[in-house]
Amino acid sequence: SPDGPGAGAGSGAPTGPWPDEQVLLDENALEAPQGYLDVANLAVSPGHRRLAYAVDDTGDERFTLRFRDLDDGHDLADTVPGTSYGVAWADDDATVFYTRPDAANRPFQLWRHVLGTDPGQDVLVLEEPDERFHLGVGRTKDGRFVVAEAHSRVTSEAWCIPAGAPATPPRVVEGRVQGVEYAVEHHGGTFLLLTNDRAENFRVLAVPDDGRPGRRHEVVPHRPDVRIDGLDVFAGHLALYERRDGAPRIRIVALDDDARRFTAALPEGWLVPCPETPSASWGGANPEFDSATLRYGYSSLVTPHSVFDLDMESGAAVLRKRQPVLGGYDPADYATERLWATAADGARVPVSVVARRGVPRDGTAPCLLYGYGSYEYCIDPVFSSLRLSLLERGFVFAIAHVRGGGEMGRRWYEEGRLLAKPNTFGDFVACARMLVEEGWTSAEGLVARGGSAGGLLVGAATNVAPELFRAVVAEVPFVDCLTTISDETLPLTVIEWDEWGNPVADPLVYAVMKAYTPYDNVRAGRHPDLLVTAGLEDPRVGYWEPAKWVQKLRAADHEATVLLKVDLDAGHAGPSGRYQAWRDEAFVVAFVLDAVGRAR
């Protein structure tokens, strides 16, 4: 495998700590009374004197917000329980904005806290009454504004608060329009909006930050074949995170010094090289606005995660660190490529594969096929040392980039949601058939794997084509989705209607969901072996969904091995701590090897 841009320039991280290293927070030193710990919302104050962080010790995604004095390393007395995701500092190093969840775990309120005051006296700044919308908060990269954003699956609205005047009432940046999304950044006196307003695959608009309506300029036009996923701003450059033909990439656009730079289309810029196909590039931590260096990540299914510093003026990239892989790993021993499957309606579905060189293409190799396909979430082809155990045993590993994800642009997502959701499952089956027909594997050696909505995917595929799979791994699977989406008292249900539809209000949605919900479509007869997992504290997929499904599968097929593994100390993301996560992965790998007869 090529080393990528900047090959040979720079080695890994130093073997010991940096001489001036300061530990802001050691998670290992925090208490975890129930054996679970998740830290979120890490934010250093603008003056670098305070650290905000939030702790969840059960897995239910409700956090206690805490604050640390970075001069002496001790926590302050301020403790705010019952918070959600998102935190932002004002300029004074004392004022913090945070969100609170409602009974359904939806962050719906924005609050303001001043250090040293009673949290019971905190000020409610904003409340989002529409149950389809989640509320978040952040800070523009140049530090000028705190931005609160309400977003549903397909609509968003943002409010700005001057970071230097945190008591200022929030002002709407652009009014809410159903089906229109936008994200906000700031540069000079201009808000930059990454939006799908009259642009299916998004464009960038410039809006003055003074609040006067009617002045919008398109600075990065819409391109039908390129999806803009993200935008990063620097004093002299923009970094656009794009996708084309399923491949993520980075485009750099230089900004001139003219104050009118955002009144017309910007130059097209240039693409950061990606030496492998398939592969992935993404933006790293780039907190400094006044910088000409972009830190970005690069990986493929054979190249370990790599960190580069890119000089946006010269285009030179320096490799700063590459993930170390123990055991004598040599990327040249493996090969990766992009395949295409054809769905029933003719859609071409990308499949990323990796295998050890020399693995036969005669159908004798086992294969693990992974998929997700919901919420426009992309499963990018990146390296994982955890799959080397399978590859060393002659497995092929494949990712099916099915509709419902965002790999091929916004239309790819639209063709796999609501009434078009069955396309997701048909795509996965088409990918499985292609791998069998082209000799990558056989039905006796093919294992499907997916988690959450990906668990729904592999569950539905099992019902559609049980003969295609030797085994299935369904982790925290959303398999009783019709029942859950019909109960608006459950967490997340209402916001999910934009993704799945509302079966209570629409008989057609009900009929479509009824026809694909895994739990409702279990039939007597042959099934693959299944490993199904759940989390007792899971607020997203209740443990009863996989438990009910397993019972029904066992009743339908007395010969198949159907295992249910419930984690009693964790939620949707599984156990905390890398060692326990590795144990869980080892359990999955052991199940897969046993199912295909490769345990040795």
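Counting its regular elements, the chain contains 9 helices and 32 strands. Radius of gyration (C-alpha) of the chain: 25 Å, near the 25 Å computed for a compact globule of 600 residues. Projected onto its principal axes, the C-alpha coordinates of the chain cover approximately 65 × 55 × 50 Å. Here the chain holds 600 residues, and the buried ones make up 55% of them. Within the chain, counting contacts between residues at least 6 apart in sequence, those at least 24 apart form 56% of the total. Carbon and sulfur atoms provide 52% of the accessible area of the chain, an area that totals close to 25200 Å². In the chain, the 59 positive side-chain charges and the 88 negative ones have mean positions that sit 4 Å from each other.

With that out of the way, let us pick up the sheet that holds strand S3 (residues 63–69). The strands making up a sheet are joined through hydrogen bonds of the backbone, oriented either antiparallel or parallel. Ordered in space as S1-S2-S3-S4, the 4 strands form an open sheet in which the pairing is antiparallel. Strands at the two margins of the open sheet, each flanked by one partner only, are strand S1 (38–44) and strand S4 (74–83). Ignoring strand direction, the axes of neighbouring strands in this sheet form an average angle of 20°. Sheet analysis places S3 next to S4, joined by 5 bridges and oriented antiparallel. Bridge pairing links arginine 66 to threonine 79 in S4.

How two aromatic rings sit relative to each other is given by the distance of their centres and the angle of their planes. Taken as a whole and assessed by the stated rule, the structure comprises 13 aromatic pairs. Here the aromatic rings of tyrosine 372 and tyrosine 377 are separated by 5.7 Å at their centres, their planes lie at 70°, and the arrangement is edge-to-face. With a centroid separation of 5.5 Å and 85° between ring planes, the pair formed by tyrosine 579 and tryptophan 582 is classed as edge-to-face. With tyrosine 579 and tryptophan 582 both in helix H9 (residues 578–596) and 3 residues apart, the pair spans about one turn of that helix. The partly exposed category is assigned to tyrosine 579, whose relative accessible area is 49%. Just above the ring of phenylalanine 397 sits the side chain of arginine 387; from NZ or CZ to the centre is 4.1 Å. The side chain of arginine 403 reaches across the aromatic face of tryptophan 412, ending 5.7 Å from its centre.

What follows is about the side chain of threonine 140. In this fold, threonine 140 is placed in the loop between strand S9 (134–139) and strand S10 (145–151). A polar contact of 2.8 Å, which involves the side chain of threonine 140, links it to the side chain of aspartate 142. When near neighbours in sequence (up to four residues on either side) are disregarded, threonine 140 contacts Phe145, Val147, Glu185 and His186.

The next point concerns the nonpolar core. In this structure, Phe428, Leu435, Phe469 and Trp549 are the most contacted members of the largest nonpolar core, which totals 88 residues. Leaving out residues up to four positions away in the same chain, phenylalanine 428 has contacts with Leu369, Tyr370, Gly371, Ala400, Val402, Ala448, Leu457, Val458, Ala461 and Phe469. Membership of the second largest hydrophobic core comes to 17 residues, among which are Leu194, Leu231, Leu240 and Leu255.

This next bit is on the pairing of strand S22 (residues 293–300). Most of S22 sits inside the fold, with 6 of its 8 residues counted as buried. Pairing between strand S21 (residues 279–283) and S22: 5 bridges, direction antiparallel. By the bridge assignment for S22, glycine 283 is matched with tyrosine 296. Here 6 bridges tie S22 to strand S23 (residues 306–311), and the two strands are oriented antiparallel to one another. Bridge pairing in S23 links threonine 293 to aspartate 311. The antiparallel hairpin formed by S22 and S23 contains 5 residues in its connecting segment.

If you trace the backbone, leucine 457 turns up in helix H4 (residues 453–464). By relative accessible area, leucine 457 is classed as buried at 0%. The sequence separation of leucine 457 and aspartate 245 amounts to 212 residues, and the corresponding C-alpha distance is 22 Å. In contact with leucine 457, not counting residues within four places along its chain, are Gly371, Tyr372, Val402, Thr424, Phe425 and Phe428.

Here the focus is the pattern of salt bridges. Following the criterion strictly, the structure yields 43 salt bridges and no others. A salt bridge links glutamate 376 to arginine 227, with the shortest nitrogen-to-oxygen separation between them at 2.8 Å. Taken as a pair, glutamate 376 in the loop between strand S27 (367–371) and helix H1 (388–392) and arginine 227 in strand S17 (residues 227–233) lie far apart in primary sequence, 149 residues in all. In this structure, glutamate 414 and arginine 417 form a salt bridge, with 2.7 Å as the shortest nitrogen-oxygen distance.

Packing of helix H3 (residues 422–437) against H4 leaves a shortest axis separation of 9 Å and a crossing angle of 70°. It follows from the interaxial angle that H3 and H4 lie roughly perpendicular. Here H3 runs over H4; the crossing is right-handed. Where H3 approaches H4, its residues Thr424, Phe425, Phe428 and Val429 are matched on the opposing element by Leu456, Leu457, Val458, Ala460, Ala461 and Val464. Here the contact of H3 with H4 is composed, by residue class, of 9 nonpolar, 1 polar and no charged.

The rules we used
- Residues numbered from 1 in each chain as written.
- Predicted model: local features only at pLDDT ≥ 70, side-chain atom pairs only at ≥ 80, totals over all residues.
- Heavy atoms only, no water.
- Helix = DSSP H or I, 4+ residues; strand = E, 2+ residues; numbered from the N terminus.
- Rg over C-alpha atoms; globule rule 2.2 N^0.38 Å.
- Buried < 20%, exposed > 50% of the residue type's maximum accessible area, 1.4 Å probe, protein only.
- Contact = heavy atoms within 4.5 Å.
- Areas by Shrake-Rupley, 256 points an atom, 1.4 Å probe, with all protein chains shown as cover.
- Lys, Arg positive; Asp, Glu negative; His and termini not counted.
- Charge placed at Lys NZ, Arg CZ, Asp CG, Glu CD.
- Pairing = 2+ DSSP bridges.
- Axes fitted to C-alpha atoms, helices over the stretch in contact; angles between N-to-C directions.
- Phe/Tyr/Trp six-rings, centres within 6.5 Å; stacked < 30°, edge-to-face > 60°.
- Lys NZ or Arg CZ within 6 Å of the ring centre and 35° of its normal.
- Polar contact = N/O pair within 3.5 Å; in protein donor to acceptor, adjacent residues only side chain to side chain.
- Core = buried A, V, L, I, M, F, W, Y, C linked by side-chain atoms within 4.5 Å.
- Salt bridge = Lys/Arg side-chain N within 4 Å of Asp/Glu carboxyl O.
- Parallel < 35°, antiparallel > 145°, perpendicular 65-115°, else oblique.
- Left-handed = near helix turned anticlockwise from the far one by under 90°.
- Nonpolar A, V, L, I, M, F, W, Y, C, P; charged D, E, K, R; others polar.

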